[in-house]
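Listed below, chain by chain, are the residues.
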Amino acid sequence: MRGRRKAMTGAVFLLLLVRAAGAAPPPGAAEGFLEGNRRYADNDFEGAAKAYEGVLGQGVTAPALEYNLGNAYLKSGRPGAAVLHYRRALKLDPAFESARANLDYARASAQDVVPERDEGTRFDWVGRLRLGPETAARGVFAAAVLFFLVAALRLFPWRGRRGAGILQGVLGAAILLLGAALLFEWTELAGKHEGVVMVSEVDVRSGPAETYTVSFKLHEGTEVEIVRKRSGWQEVKVSDRLQGWVPEEDVAGI
Amino acid sequence: MSRLRVLAAVLLLAGWTTAASGQTVRASLSRTAVQVGERVVLSVTAEGGGGYPQFTLPDLGDSVRVYDAGNSSSVTIVNGQMSSVKTRNIAIVPMAAGKIVVGAMDVVVDGKHTTTEPLTLTATAGAPPPAPPPVSDRQAGSAVGDDALFARAVVDNPEPYQYEQVTLRVQLYTLVRLLDNPGYTEPTTQGFWKEALPAAQPRVEVLDGKRYTVLEVDMALFPTTPGKLTIGEAVMECVTRAQSTRTDPFSIFREPGRQVVLRTKPLTLNVKPLPDPPPGYGGAVGEYHLSASVDPVETTQGEPVTLTVTLWGTGSLRTVPEITLPDLPDFRTYPSQPEQQITREDPIRGTVKRQFVLVPLTAGEHTIPAVEIVAFNPGAGAYETLRTKPLAITAAAGSGVVSAARGDIELLGRDIRFIETDVPSFRPVGTTWNRARMWLFLVPVPALAYGGLWWWDRRRRALGANRSLYRRQHAARAARGILKAARSADGAERALEAGRALRVYLADRYDLPRAGVTPESLAPRLAEDGIEAEPVLAQLDACDAARYAPGGSGPDRDWAAEVEGCIQQLETVR
């Protein structure tokens, strides 16, 4: 009797945790999204961008929201903001095919050509296979539950049956694969800080002040790696040979 | 970097000969008067056999550079007499005007000492150091380095049109021997499309009377925006023979190579915008030609012919728009994907070929009108319309059924994909990793659950294997089951059941047969556990007495509670 009660308590605790992961969005988010869609369909792209930004302002996001916002900005003639939001959509859902296609379109209109950049070409297939951190972690949890469930069954009537052993081996392999996918997500996302140039042209200087030499210029929509920040400036890297400091407000972090 | 200017030189073969035991040692300068920056060779020669002459170069002052110029030897046979000549050469470059005296030197050949006479070299001030190769009117460039080794970057057209090819040549001029292939880092070319060109063969160029070996790397650049565009510095890393010290010219043989890093100066191009385009202009920049052919020229209604349109010429094919046909109402048209071939020579040239399968819908004479492409010719500075000749084909009457030929799907325009219309599942901003971490934290839960289950199963199995242990572990549980039934019984039956519960408990606890629980068997075991036997046995007796004398001990007596209390007390001592 007492054991059953404990099991019930544990199950309720688990359910509450899982429920906490999918907290309800604030009221008005869905309406704001649909309002943006309506304005976009009416070719009011700036109005659409405003509506989508309103949803983001409520503290929520979604791959589709970032993608639609990227579309609205691209149609409004702001390729920098478009690239930024397509990249954010892909960060949330690396397998988002339409976001990848539109990002390529936006990149093609960017003035700066960065030949060393390999993202979007060499790693295209990797991008399609990526799960994103949350899905990978969910997969690890689900595979672990099944793994130990089969292990528990083997304690009783299934004990000694070969099929259960094979199934357990498959689930163990799935845990390892999903764990590796999660590790990859970590190295791709957590260890790297990237940004997009948001102004039409910015001077990249050799140091974090206006007094330093202008090394080169970057233009709107160019994606950079953010190396570090210091008193209103951030050091950006375009390639191994192109690195310098720009005002912090001119490059938005992805 | 200052340039060294070269003036006239007077060859000096001043010297002397010193005979010593059949050997002649001689020191000489190739010239006695040079201009600042000019090179003169000091030769110390030993004739008559033996090894190379060994000597120490006297101090020539700070305004002189000294390089090793190698050794040489020759053998001559005259009238059957063989003689050999061995020479050590030292290159001397005066860096300031004035007289330079090469003092007397103690020359050693095969252990024999000979002293040479002093030599005098006069250096006069002159023009700056040798200039880099002349730059033609169409070239712009800059050189960095000294007269013996310098690099420069030049372009063939400093004022190109947008998308017009500019050839960048990075050249390394050297008078000295390089010990390894130079390392090359190409310049930054922001704002350009670039195409690598084949490596140029090393060549020899004579500049100001000096024979330079020239290495060159070429690159074709296409400016993508009008205005000022800058080509960054190119870097060349060379390894030459290390410079010798003035006091010990032979130290060069012991020193490693000297690394020299040369950087060209950035070049700024003034890119001219394209003039206002005429109607139909699609972006092509270059000098192109256009042709078309059809095969076969005679066909049958419904049978396809192939029209091939070819554009070729110089320029970047990236600017060339897709070749399309005018409306052909008498044909069903199936275009193929264009084929492109680029020849990476200077200038870059290429060919775009596109084929169209045309199916005549009606019989008769048909004319395929001219295909037109408007291109900007940077050489002429004007737009020109490229036009093919109209082509005629004859289609004989057929079955009237036009078969649908297969072909690639034609891409007519390009735009971004449409927005997502379904309301997505929103999540708090920046929580992706938080949610991932939460799922990871949950992973140990099934593992712990399994661990608990495994422990329980193991314990269950252990108890099953040890019957007496199992009875002892479950004694209280079995007794309480009987007491539960006792509580619902009446009168004597209740006492009977309570007594049975206590008897079962004691039998299981001490692994006795349930029917064999007697005061004699219990007393020593209870004592062994440190339990006073009397109250327990009294409780058993009381239950038995109530069984045979109902009501004797009071009708309201709670036998179940008494036994429960007794069991609880016994349970405290295990």
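Everything here concerns the structure above.
Remember, predicted model here, so these are calculated numbers, not experimental data. (Residues numbered from 1 in each chain as written. Chains lettered and ligands numbered in written order. Predicted model: local features only at pLDDT ≥ 70, side-chain atom pairs only at ≥ 80, totals over all residues. Heavy atoms only, no water.)

Enquirer: Break down the overall build of chain A for me, citing the residues and quoting the values.
Expert: Within chain A, the secondary structure is distributed over 9 helices and 8 strands. A separation threshold of at least 6 residues defines the contact pool for chain A, and within that pool the share at least 24 residues apart is 54%. For chain A, the accessible area works out to roughly 13,100 Å², and carbon and sulfur atoms hold 59% of it. (Helix = DSSP H or I, 4+ residues; strand = E, 2+ residues; numbered from the N terminus. Contact = heavy atoms within 4.5 Å. Areas by Shrake-Rupley, 256 points an atom, 1.4 Å probe, with all protein chains shown as cover.)

Enquirer: I'd love a proper account of the packing of helix α3 (residues 45-57) of chain A against helix α4 (residues 63-75) of chain A, names of residues and values included.
Expert: All names here are of chain A. At a closest axis distance of 8 Å, the pairing of α3 and α4 adopts a crossing angle of 150°. By the angle between their axes, α3 is roughly antiparallel relative to α4. Pair α3 / α4 crosses with left-handed handedness. Between α3 and α4, the residues in contact are Phe-45, Ala-48, Ala-49, Tyr-52, Glu-53, Val-55 and Leu-56 and Leu-65, Glu-66, Asn-68, Leu-69, Ala-72, Tyr-73 and Lys-75, respectively. Across the contact of α3 with α4, the residue classes tally to 10 nonpolar, 1 polar and 3 charged. (Axes fitted to C-alpha atoms, helices over the stretch in contact; angles between N-to-C directions. Parallel < 35°, antiparallel > 145°, perpendicular 65-115°, else oblique. Left-handed = near helix turned anticlockwise from the far one by under 90°. Nonpolar A, V, L, I, M, F, W, Y, C, P; charged D, E, K, R; others polar.)

Enquirer: Pulling in residues and values, what's your account of the interface of chain A and chain B?
Expert: Facing 60 residues of chain A, the contacting portion of chain B comprises 43 residues. Of the roughly 4,800 Å² buried between chain A and chain B on both sides combined, carbon and sulfur atoms contribute 70%. In this structure, the salt-bridge partner of Lys75(A) is Asp415(B), at a minimum N-O distance of 2.9 Å. The tally of links between chain A and chain B comes to 11 residue pairs in polar contact (both at pLDDT 80 or more). Of all the elements, helix α8 (residues 133-155) of chain A adds the most residues to the side of chain A that touches chain B, at 12 residues. Grouping the constituent residues of the side of chain A that touches chain B by class yields 42 nonpolar, 9 polar and 9 charged. Relative to strand β33 (residues 427-428) of chain B, strand β1 (residues 60-61) of chain A runs antiparallel, the two sharing 2 bridges. Its bridge partner lying in β33(B), Val60(A) is registered against Pro428(B). (Buried area = accessible area lost by both parts, 1.4 Å probe. Salt bridge = Lys/Arg side-chain N within 4 Å of Asp/Glu carboxyl O. Polar contact = N/O pair within 3.5 Å; in protein donor to acceptor, adjacent residues only side chain to side chain. Pairing = 2+ DSSP bridges.)

Enquirer: Let's hear about the sheet that holds strand β24 (residues 298-300) of chain B: which residues, and what values?
Expert: Residues and elements named next belong to chain B. The 3 strands are arranged β24-β32-β29 in an open sheet whose pairing can be described as mixed. Strand pairing shows two members of the sheet lacking a second neighbour, β24 and β29 (364-368), which therefore form its edges. Neighbour-to-neighbour, the strand axes of the sheet open up by a mean angle of 35°, direction not taken into account. Sheet analysis places β29 next to strand β32 (residues 391-396), joined by 5 bridges and oriented antiparallel. Each residue of the ladder has a partner; that of Glu-365, found in β32, is Thr-394.

Enquirer: Kindly report on the pattern of salt bridges, identifying the contributing residues and their values.
Expert: Note that side chains of opposite charge can pair when their charged atoms are close. For the structure shown, the criterion picks out 36 salt bridges over all chains. For Glu223(A), the salt bridge identified is with Arg107(A), shortest N-O distance 2.7 Å. Of this pair, Glu223(A) sits in strand β5 (residues 223-230) while Arg107(A) sits in helix α6 (residues 97-108), and the two are 116 residues apart along the sequence. Across the pair, Arg107(A) and Glu223(A) agree in class, each one buried. Look at the salt bridges and you will find they share partners, linking Arg169(B), Arg203(B), Glu205(B), Glu216(B), Asp218(B) and Asp346(B) into a network. (Buried < 20%, exposed > 50% of the residue type's maximum accessible area, 1.4 Å probe, protein only.)

Enquirer: How would you explain the packing of helix α5 (residues 491-509) of chain B against helix α7 (residues 533-548) of chain B if you had to name every residue and give the values?
Expert: Residue and element names in this part refer to chain B. At a minimum axis distance of 8 Å, the contact between α5 and α7 shows a crossing angle of 150°. For the pair α5 and α7, the crossing hand works out as left-handed. Here α5 contributes Ala-492, Ala-495, Leu-496, Ala-498, Gly-499, Leu-502, Arg-503 and Leu-506 to the contact with α7, which in turn contributes Val-536, Gln-539, Leu-540, Cys-543, Asp-544, Ala-546 and Arg-547. Looking at side-chain class alone, the contact of α5 with α7 contains 10 nonpolar, 2 polar and 3 charged residues.

Enquirer: For the state of the cysteines, give the residues involved together with the corresponding values.
Expert: Residue and element names in this part refer to chain B. Overall, the coordinates contain 0 disulfides over all chains when judged by the stated rule. The thiol sulfur of Cys-566 is not disulfide-bonded, and the nearest other cysteine sulfur, from Cys-543, lies at 8.8 Å. Take Cys-566: its relative accessible area is 12%, and that puts it in the buried class. (Disulfide = S-S within 2.5 Å.)

Enquirer: How would you explain a nonpolar patch on the surface if you had to name every residue and give the values?
Expert: Judged by side-chain polarity, Phe156(A), Trp454(B), Trp455(B) and Trp456(B) come together as a nonpolar surface patch covering roughly 450 Å² of accessible area. For Trp455(B), the location among the structural elements is in helix α2 (residues 444-465). For Trp455(B), a relative accessible area of 52% puts it in the exposed group. (Patch = residues over 30% accessible without salt bridge, like charges linked within 9 Å, V, L, I, M, F, W, Y side chains within 5 Å.)

Enquirer: So what about the pairing of strand β11 (residues 119-124) of chain B? Which residues, and what values?
Expert: Residue and element names in this part refer to chain B. By the alternation rule, side chains of β11 split into Leu-119, Leu-121 and Ala-123, which are all buried, and Thr-120, Thr-122 and Thr-124, of which none is buried. Sheet topology places strand β8 (residues 98-102) next to β11; 5 bridges connect them, and they run antiparallel. The residue of β11 that forms the bridge with Ile-100 is Leu-121.

Enquirer: Go over the pairing of strand β18 (residues 210-223) of chain B, please, and point to the residues and values.
Expert: All names here are of chain B. Within β18, 10 of the 14 residues are buried, leaving the element largely enclosed by the surrounding structure. Here strand β14 (residues 166-174) pairs with β18 via 9 bridges, running antiparallel. Looking at β18, one finds that Leu-168 is bridged to Met-219. Summarising the sheet, strand β16 (residues 192-196) and β18 pair through 5 bridges and their orientation is antiparallel. Bridge pairing in β18 links Trp-193 to Phe-222. Both strand β17 (residues 203-207) and β18 contribute to a ladder of 5 bridges, which runs antiparallel. Residue pairing for β18: Val-204 is matched across the bridge by Thr-213. Connecting β17 to the next strand, β18, in antiparallel fashion are 2 residues, including Asp-208 with a positive phi near 50°.

Enquirer: Any details on unusual backbone geometry? Residues and values, ideally.
Expert: Between Asp295(B) and the following residue, Pro296(B), the backbone shows a cis peptide bond with an omega angle of -10°. Of the consecutive residues Asp346(B) and Pro347(B), the connecting peptide bond is found in the cis state with omega at 0°. Mapped onto the secondary structure, Pro347(B) falls in the loop between β27 (339-343) and β28 (349-360). Here Ser231(A), not a glycine, exhibits a phi torsion of approximately 35°, which is positive. Position of Ser231(A) relative to the elements: it lies in the loop between β5 and β6 (233-237).

Enquirer: Got a sec to walk through α6(A)? Specific residues and values, please.
Expert: The terminal C-alpha atoms of α6(A), which comprises 12 residues, lie 17 Å apart, in line with the 16 Å expected from a rise of 1.5 Å per residue. If you check which residues of α6(A) are buried, you get Ser98(A), Ala99(A), Arg100(A), Asn102(A), Leu103(A), Ala106(A) and Arg107(A). (Expected span 1.5 Å × (residues − 1).)

Enquirer: Run through the environment of Pro53(B), naming residues and quoting values.
Expert: Among the secondary structure elements, Pro53(B) is positioned in the loop between β5 (40-47) and β6 (64-78). By relative accessible area, Pro53(B) is classed as buried at 0%.

Enquirer: So, the environment of Gln165(B): which residues are in play, and what are the values?
Expert: Residue and element names in this part refer to chain B. Structurally, the position occupied by Gln-165 is in the loop between β13 (149-155) and β14. Exposure remark for Gln-165: the relative accessible area of 13% places this residue in the buried category. Residues Gln-165 and Met-219, 54 residues apart in the sequence, show an inter-C-alpha distance of 9.8 Å. Once you skip the residues sitting within four places of it in the chain, Gln-165 turns out to touch Ala-220, Leu-221, Phe-222, Asp-346, Pro-347 and Ile-348. A polar side-chain atom of Gln-165 sits 3.1 Å from a polar atom in the side chain of Thr-167. Among the polar contacts made by the side chain of Gln-165, one reaches the side chain of Asp-346 at a distance of 3.0 Å.

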